[in-house]
Amino acid sequence: MGKRLLRLLLASATLMATAALADAKTVIHMMHQGDPGWVKTYADVAKRFEDANPDVDVEFIYAPHDAYNEKFSAAVMAKQLPDIMEIDAPFLANYVWSGYLQPIKPLIDKDIIDDMTASNISQGTYPIDKALYAVGLTDSSVVLYGNRKYLEAIGARIPKSVDDAWTRPEFEGYLEKLSKLDGVKWPIDIFRGYGIKTEWVTYAYGPLLESAGCDLIDRKTWKAAGTLDSDACVGALTMMQSWVKNGWVVPGSSGTNQFYAEGRPAALALGGHWFYAEAAAAMKDDIVVLPLPKLGDKGASPNGTWIWGITKTSEHPDVAGKFLSFLLKDKEYRDFAKQESAFPGLKSFAADSPLYAPGGAMAVAFEQASKTAVARPPHPAYPAITSAFMTAVDKAFNGGDVKDALSEAARKIDEDIDDNAGYPPFDAQQ
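Where an unreviewed UniProt entry is consulted, the protein appears under the name Extracellular solute-binding protein, with the organism given as Rhizobium lusitanum.

Written out as C-alpha cells, the structure reads:
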C-alpha cells in the first residue's frame, strides 16, 4: 500500500513538474500573410527552432493577404499585438509613427544586418530617425514579361539591360503591332484582375507614372495638390487610360493571368518577380524578361515587400529577434523562397540565387533594384496616399476624367495630412 502511494505521489509530482515546465515556456506570436506554401514553410521553421530551443513556443496568427491591414487594425484596437508582425514595406512609416514598432537592429544577429542589400535597408528604415525597424530575406520588383514568339513576329527589339529599355514610342508602337497580330487577344496584361483594393495598383503602376515625370506626392513639402494632379501626372495617367480604351489591356473581368493561360492570349505582362516561376514553368523558352519601359526621361521601378518587425508591446523582444535571425538563416526557408523566384534582399541569398545573377533569367530585375528603384512615399499618410491613388486609377480606367480623378485624390491625401496636423515630425521636414 505504501509503495502504491509512493508511485502515485511520484507520478503526480512528474505531472506537476511537466505542467510547470510547460507554463515556464516563453511563447511568442508571429502575424503573417502568404499562400499555403509559405504558411507551411513558416510552421516547419518554427518546429526546427523549437527543437533547438525547447523553452520557446512559436505561435502563428494568419491573415489573408488582401485583409492583412484590416486584421492588424483589429489587433491594435483589441490591444493584442503579436511579438513579430509582417509589414508591407510602404506602411512602415505609418506603423513606426503610430508607435507600434521598435528598432530591430539591436535584436537581430549582426551578420544578418551586415548581409542586407542597400534596397533592403532602405525598405526597413524610418526616414525621421534613420533607424532600422524591419528586416527581410527578400525585396521585390516588377518587370515586363514577353512572349518571345510574338515579339519576334513583330520584329521587336529585345533589351539586354535596364540601360536600353524600350522608350515610350517603342513600347506603344509594339502594343499597336501586337494588337493586330494573329493569336493575340490583348497586347498586355497589367493584372487589373487583382482589383483596386490591393497594393498592386500603386506598387506596379506608380513607377510607370514616375518614369513619365510624375509622383504621388511632393516628397519635400508632403503636399499632393500640384504634384499628383500636375500636367505630368495627368498626361501619364491619360496615357495608361488610352491603352485601356484601345483594348490593349486585359480587363479585370478576365482574371489575373492571361499571359501563359491556354492559347497565350496576352503577349506581354507587367508582372512581379514572383510571377516568373509559374510563367517560366508553363512557357519554357518562350518567356523573355524585359526591364520596365522608360516612358519619360528616366526609368523607374518599384521596390519594397513584406518584411519583419518586432512590436513595442512584445514582452520577449530578444526571443523574437532570435527567432527572426533563425528564420532568415534557415536553409529550407531560403530554398523554398528560391523556388518561388524570390527577389534577394540579403547578399548571401543573392549569391545563392543564379536566377538573379548576371546572365540569369531575372538579372534585369536585380539590375533595376540598383538603377531605377523608387520607394513608395515613406510617410505616415501612406495608407491614405495609396487608397486615393488606387481610386483615381480605377476611375480613369473606367473612362472617367483623369484630371478630376487625380485632383480628388490629391485633395483626399492633403486632407488626411491636415487632419493629422502634418504628422509631426514630418511637418518639420518641409
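Q: I tried to follow the side chain of Asn 94 on my own but got confused; where do I start?
A: Examined against the element boundaries, Asn 94 turns out to sit in helix 4 (residues 92-97). Note on Asn 94: relative accessible area 15%, which makes it buried.

Q: Whenever I open this one, helix 15 (residues 363-371) confuses me. Can you help?
A: Because each turn of an α-helix spans 3.6 residues, side chains separated by three or four positions in sequence point in the same direction. Residues of helix 15 that are buried: Ala 363, Val 364, Ala 365, Glu 367 and Gln 368. Here the buried face of helix 15 lies against strand 6 (142-147), strand 9 (287-290) and strand 11 (343-344).

Q: Help me out: how do you make sense of the packing of aromatic side chains in this one?
A: How two aromatic rings sit relative to each other is given by the distance of their centres and the angle of their planes. Here the structure, examined in full by the defined rule, presents 33 aromatic pairs. Ring geometry for Tyr 95 and Tyr 100: centres 6.1 Å apart, planes at 55°, overall tilted. By relative accessible area, which is 5% here, Tyr 95 ends up buried. Here the aromatic rings of Trp 97 and Tyr 423 are separated by 4.8 Å at their centres, their planes lie at 70°, and the arrangement is edge-to-face. Of this pair, Trp 97 sits in helix 4 while Tyr 423 sits in the segment after helix 17 (402-419), placing them 326 residues apart in sequence. Assessed through its relative accessible area of 29%, Trp 97 is described here as partly exposed. Look at Tyr 423 and you get buried, because its relative accessible area is 5%. Ring pairs connect the aromatic residues Tyr 145, Phe 191, Tyr 194, Trp 200, Tyr 203, Phe 259, Tyr 260, Trp 274 and Phe 275, which therefore count as one cluster.

Q: What am I meant to see in the pattern of salt bridges here?
A: Where side chains of opposite charge bring their charged atoms close, a pairing between them can arise. Per the stated rule, a full pass over the model turns up 23 salt bridges. The partner of Asp 109 in a salt bridge is Lys 329, and the shortest N-O contact between them spans 2.8 Å. Pair noted here: Asp 109 is in the loop between helix 4 and helix 5 (110-115) and Lys 329 is in helix 12 (residues 317-329), with a separation of 220 residues, a long-range link. Judged by relative accessible area, which is 32%, Asp 109 ranks as partly exposed. Residue class for Lys 329 comes out partly exposed when judged on its relative accessible area of 38%. Across the pair Asp 114 and Lys 110 runs a salt bridge, and its minimum N-O distance is 2.6 Å. Linking Asp 114 with Lys 110, this pair stays in helix 5, spanning four residues, or about one helical turn. Residue classification places Asp 114 among the partly exposed positions, given a relative accessible area of 43%. Among the residues examined, Lys 110 registers a relative accessible area of 60% and is labelled exposed. Through salt bridges with shared partners, a single ionic network connects Arg 48, Asp 330 and Glu 332.

So, how was this worked out
Residues numbered from 1 in each chain as written. Predicted model: local features only at pLDDT ≥ 70, side-chain atom pairs only at ≥ 80, totals over all residues. Heavy atoms only, no water. Helix = DSSP H or I, 4+ residues; strand = E, 2+ residues; numbered from the N terminus. Buried < 20%, exposed > 50% of the residue type's maximum accessible area, 1.4 Å probe, protein only. Contact = heavy atoms within 4.5 Å. Phe/Tyr/Trp six-rings, centres within 6.5 Å; stacked < 30°, edge-to-face > 60°. Salt bridge = Lys/Arg side-chain N within 4 Å of Asp/Glu carboxyl O.

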